[in-house]
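Coordinate analysis (summary)
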Amino acid sequence: MRWHRRGAAPRNKAGIGQGRVAGIVQFENVGLRYGHGDEVLRDLSFTLAAGEFYFLTGASGAGKTSLLKLLYLAQRPSRGVIRLFGTDVVTLPRARMPGFRRRIGVVYQDFRLVPHLSIADNVALPLRIAGVLESEVRDAVREMLAWVGLSHRADARPPTLSGGEQQRVAIARAVIGRPELLVADEPTGNVDEAMAERLMQLFGSLNGLGTTVVVATHDLTLLNRIKAAQMMRIVDGQLHDPTGALRFPPGRGAA
Ligand SMILES: Nc1ncnc2c1ncn2[C@@H]1O[C@H](COP(=O)(O)OP(=O)(O)OP(=O)(O)O)[C@@H](O)[C@H]1O
Ligand SMILES: [Mg+2]
């Protein structure tokens, strides 16, 4: 389904979804330190290819969330260059950040739902921000809530939901706008195995429609659920790629 924006040009004329490049994410010698501490991430140079599915693993505290924050522009690196959708985002003026963030769906490790909004309104947020027609928003939200098994809680507020239910709302919100890049931080950490399987199917379908997906997880059983997935692993602040996932290193291949 393609959304129609209220009183606006069709999505592509608005520039959203354009600028797809072979390397949707490029890091060059990126380092990240918090305050005056040692670098948590160092010498990261890699390219993520558009349309691929990546798992990011590593021990607790290895830097998975930190790397994802660099990806969804919640954190600037201490050094190096990051290009998203072909644009250098380290020097990107603050005013242009929201336009980039809208192209990225994020499932936060701590969910970050808006507590005073209903579940349905939380899930609808990305579409409302994009100016999608209200009639289409309602249908899409209904469909999404059915997918994650929460139709019966549409009017509830997030604080009254279990951890697993909140996680499913966070996932529904992240995928509903069919982002170009989906970044999910331990998205199945709070649900049972059957639900984890269902949510991975949802990510797989979105990936099949062209979204590049990056999922950070501790759960090694998840890794087998997406057959064509590539692996990224953080060890001692550096990134390893046991499946050769980080091909096209800058300067040796993709644009
Ligand atoms: N805002 C911050 N300020 C200072 N240090 C931080 C901050 N965020 C993370 N760190 C430190 O950076 C390191 C990496 O943390 P990060 O949250 O990225 O790990 P993680 O791999 O996501 O761990 P987990 O699997 O437990 O979620 C840790 O040592 C952590 O203490
Ligand atoms: Mg984390």
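Residues numbered from 1 in each chain as written. Chains lettered and ligands numbered in written order. Predicted model: local features only at pLDDT ≥ 70, side-chain atom pairs only at ≥ 80, totals over all residues.

Focus on helix α4 (residues 134–147)
The end-to-end C-alpha separation of α4 is 20 Å, in line with the 20 Å expected for 14 residues at 1.5 Å each. Along α4, the residues classified as buried are V137, A140, V141, M144 and L145. End-on, the buried residues of α4 take up no more than an arc of 130 degrees, which puts them together on one face. Away from its buried face, by an angle of more than 90 degrees, α4 presents the exposed residues S135, D139 and A146. On its buried side, α4 packs onto α3 (119–129) and α5 (163–175). Once α4 ends, the next one or two residues include G149, with phi positive near 70 degrees. (Helix = DSSP H or I, 4+ residues; strand = E, 2+ residues; numbered from the N terminus. Expected span 1.5 Å × (residues − 1). Buried ≥ 20, exposed ≤ 12 C-beta atoms within 10 Å, placed from the backbone. Arc of directions from axis to C-beta. Contact = placed C-beta atoms within 7 Å.)

What to know about the site of ligand 1
Around ligand 1, a shell composed of Y34, V40, G58, S60, G61, A62, G63, K64, T65, S66 and Q109 is seen. Per element, the largest residue contribution to the shell around ligand 1 is three residues, and it comes from helix α1 (residues 64–71). By residue class, the composition of the shell around ligand 1 is three nonpolar, seven polar and one charged. (Near = placed C-beta within 6 Å. Nonpolar A, V, L, I, M, F, W, Y, C, P; charged D, E, K, R; others polar.)

Here's the deal with the nonpolar core
Membership of the largest hydrophobic core comes to 67 residues, with the highest contact counts inside it found for Y54, V123, A172 and V183. Looking at this core, the element that brings in the most residues is α5, giving six residues. With sequence-adjacent residues up to four places away left out, V123 is seen in contact with V141, M144, L145, V169, A172, R173 and I176. (Core = buried A, V, L, I, M, F, W, Y, C linked by C-beta atoms within 7 Å.)

Describing the pairing of strand β9 (residues 230–235)
Of the two faces of β9, only the one carrying Q230, M232 and I234 is buried; M231, R233 and V235 on the other face are not. Here strand β3 (residues 53–57) runs beside β9; their pairing, made up of four bridges, is parallel. Residue pairing in the sheet places T57 in a bridge with R233 of β9. Two strands pair when backbone bridges link them, and β9 and strand β10 (residues 238–240) are joined in this way by three bridges, in the antiparallel orientation. In the sheet register, R233 faces β10, and the bridge partner there is H240. (Pairing = 2+ DSSP bridges.)

Some remarks on the sheet that holds strand β7 (residues 181–185)
Ordered by their spatial adjacency, six strands build an open sheet running β6-β7-β8-β3-β9-β10, and the pairing between neighbours is mixed. Looking at strand neighbours, the two that pair on one side only are β6 (104–107) and β10, the edges of this open sheet. The average angle at which neighbouring strand axes cross in this sheet is 20 degrees, direction not considered. Bridge analysis of β6 against β7 gives four bridges, and the strand direction is parallel. Bridging from a neighbouring strand, V106 pairs with V183 of β7. α5 rests against β6 and β7 of the sheet, and its axis sits at about 175 degrees to β6. (Axes fitted to C-alpha atoms, helices over the stretch in contact; angles between N-to-C directions.)

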